[in-house]
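# Remarks on the overall topology
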Amino acid sequence: MDAEAQESFREFVANRSPALLKTAVLLSGGDRHAGEDLLQNALIKAAGRWHRIDEPEAYVRQILYRQQISRWRLKRRGRELSVAEPPEPGTDGDAASADAELRLLMRGALARLTARQRTMLVLRYFEDLPEAEVARILGCSVGTVRSTTHRSLARLRALAPELRSLGRSEAERRPSGDYSPVEVRS
């Protein structure tokens, strides 16, 4: 790798590593160390082909997804999640505590999904990729993406029922109490 390409690679790593690490950690079920390993391996592979890569971030993300698929095939499951530090403190104690609880709840629920289910959810909802793109990346049909995503969300809701009320207003969470019949006109 020449000096210009080396500088370009270093700049890419410095600027994009935090975002890529978030994706790698989510893909590895919340295990930060496994996510770091996943990202490091992807960056090593990208460095070897750096001068031929047109879109570096897309290329590295593709490597991340494919490496995670390879890890599925190894069937290394049942690993324990160890956390070195407690969640970071925030300025507003209650909000920060609630955010930390939500992150831990989500991490625990995601870790209990299969690697395939977790990857589908990460690609669809964290990476916000369309179904066709997820299907292309994972080498499956759009129907497989839809059905796996649907089953994954159902399992996630079953594992963490507290997540059901997210995104709904307080009024929507409470039953209305109005049980009068509704007239339907045709």
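For clarity, every value in this text was computed on a predicted model and none was experimentally measured.

### Some details on helix α1 (residues 3-27)
- At Arg 16, α1 shows its maximal bend, which comes to roughly 55 degrees, and the proline Pro 18 appears one to four places after that position.
- Turning to α1, its buried residues number three or more, namely Ala 5, Phe 9, Phe 12, Ser 17, Leu 20, Leu 21, Thr 23, Ala 24, Val 25 and Leu 27.
- Positioned one or two residues after α1, Gly 29 has a phi angle of 80 degrees, which is positive.

### With respect to the confidence of the model for the chain
- On average, residues of the chain score 79 in pLDDT, and 75% of them reach the 70 mark or higher.
- Scored below 50 in pLDDT, residues 169-182 makes two contacts in the model with residues more than four places away or belonging to other chains.

### Let's talk about the packing of aromatic side chains
- For the coordinates displayed, the defined rule picks out two aromatic pairs.
- Taken together, the ring pairs in this structure connect Phe 9, Phe 12 and Trp 50 into an aromatic cluster.

### Things to note about the environment of Arg 10
- By the secondary structure assignment, Arg 10 is in helix α1.
- Taking the C-alpha atoms as reference points, Arg 10 and Ala 47, 37 residues apart in sequence, are found 9.6 Å from one another.

### Remarks on the pattern of salt bridges
- One pass over the full model with this rule turns up six salt bridges.
- In this structure, the salt-bridge partner of Glu 57 is Arg 61, at a minimum N-O distance of 2.8 Å. Here Arg 61 and Glu 57 lie together in helix α3 (residues 56-74), a separation of four residues that amounts to about one turn.
- Note on Glu 57: relative accessible area 22%, which makes it partly exposed.
- When the shortest N-O distance is used, the salt bridge between Glu 133 and Arg 136 registers 2.6 Å. Separated by three residues within a single helix, Glu 133 and Arg 136 lie in helix α6 (residues 131-138), roughly one turn from each other.
- In the salt-bridge network here, residues are joined through shared partners; they are Arg 16, Glu 57, Arg 61 and Glu 127.

### Some points on the packing of α6 against helix α7 (residues 142-159)
- Between α6 and α7, the shortest axis-to-axis distance is 8 Å and the interhelical angle comes to 105 degrees. Taken together, the axes of α6 and α7 are roughly perpendicular relative to one another. Contacts between α6 and α7 pair Glu 131, Ala 132, Val 134 and Ala 135 from the former with Val 142, Val 145 and Arg 146 from the latter.
- Residues belonging to the contact of α6 with α7 are distributed by class as follows: five nonpolar, no polar and two charged.

### Quick word on the nonpolar core
- In terms of nonpolar packing, the biggest core is built from 31 residues, with Leu 39, Val 60, Leu 64, Val 134 and Leu 138 touching the most fellow members.
- Look past the residues within four positions of Val 60 in its chain and what remains in contact with it is Phe 12, Leu 20, Leu 39, Ala 42, Leu 43 and Ala 46.
- Ranked by size, the runner-up nonpolar core spans seven residues in total, among them Ala 109, Leu 110, Leu 156 and Leu 163.

### Details of unusual backbone geometry
- One non-glycine residue, Asp 128, adopts positive backbone phi at about 55 degrees.
- By the secondary structure assignment, Asp 128 is in the loop between α5 (115-126) and α6.
- Residue classification places Asp 128 among the exposed positions, given a relative accessible area of 61%.

### Some points on α7
- Under the 1.5 Å per step criterion, the end-to-end length of α7 is 25 Å for 18 residues, consistent within 8% with the ideal 26 Å.
- Among the residues of α7, those classed as buried are Val 145, Thr 148, Thr 149, Ser 152 and Leu 156. The buried residues of α7 occupy an angular sector of 105 degrees when projected down its axis, which confines them to one face. Exposed residues pointing more than 90 degrees away from the buried face of α7 are listed as His 150 and Ala 158.

Conventions we followed
- Residues numbered from 1 in each chain as written.
- Predicted model: local features only at pLDDT ≥ 70, side-chain atom pairs only at ≥ 80, totals over all residues.
- Heavy atoms only, no water.
- Bend = angle between axes of the 7 residues up to and from the residue.
- Helix = DSSP H or I, 4+ residues; strand = E, 2+ residues; numbered from the N terminus.
- Buried < 20%, exposed > 50% of the residue type's maximum accessible area, 1.4 Å probe, protein only.
- pLDDT = per-residue confidence, 0-100.
- Contact = heavy atoms within 4.5 Å.
- Phe/Tyr/Trp six-rings, centres within 6.5 Å; stacked < 30°, edge-to-face > 60°.
- Salt bridge = Lys/Arg side-chain N within 4 Å of Asp/Glu carboxyl O.
- Axes fitted to C-alpha atoms, helices over the stretch in contact; angles between N-to-C directions.
- Parallel < 35°, antiparallel > 145°, perpendicular 65-115°, else oblique.
- Nonpolar A, V, L, I, M, F, W, Y, C, P; charged D, E, K, R; others polar.
- Core = buried A, V, L, I, M, F, W, Y, C linked by side-chain atoms within 4.5 Å.
- Expected span 1.5 Å × (residues − 1).
- Arc of directions from axis to C-beta.

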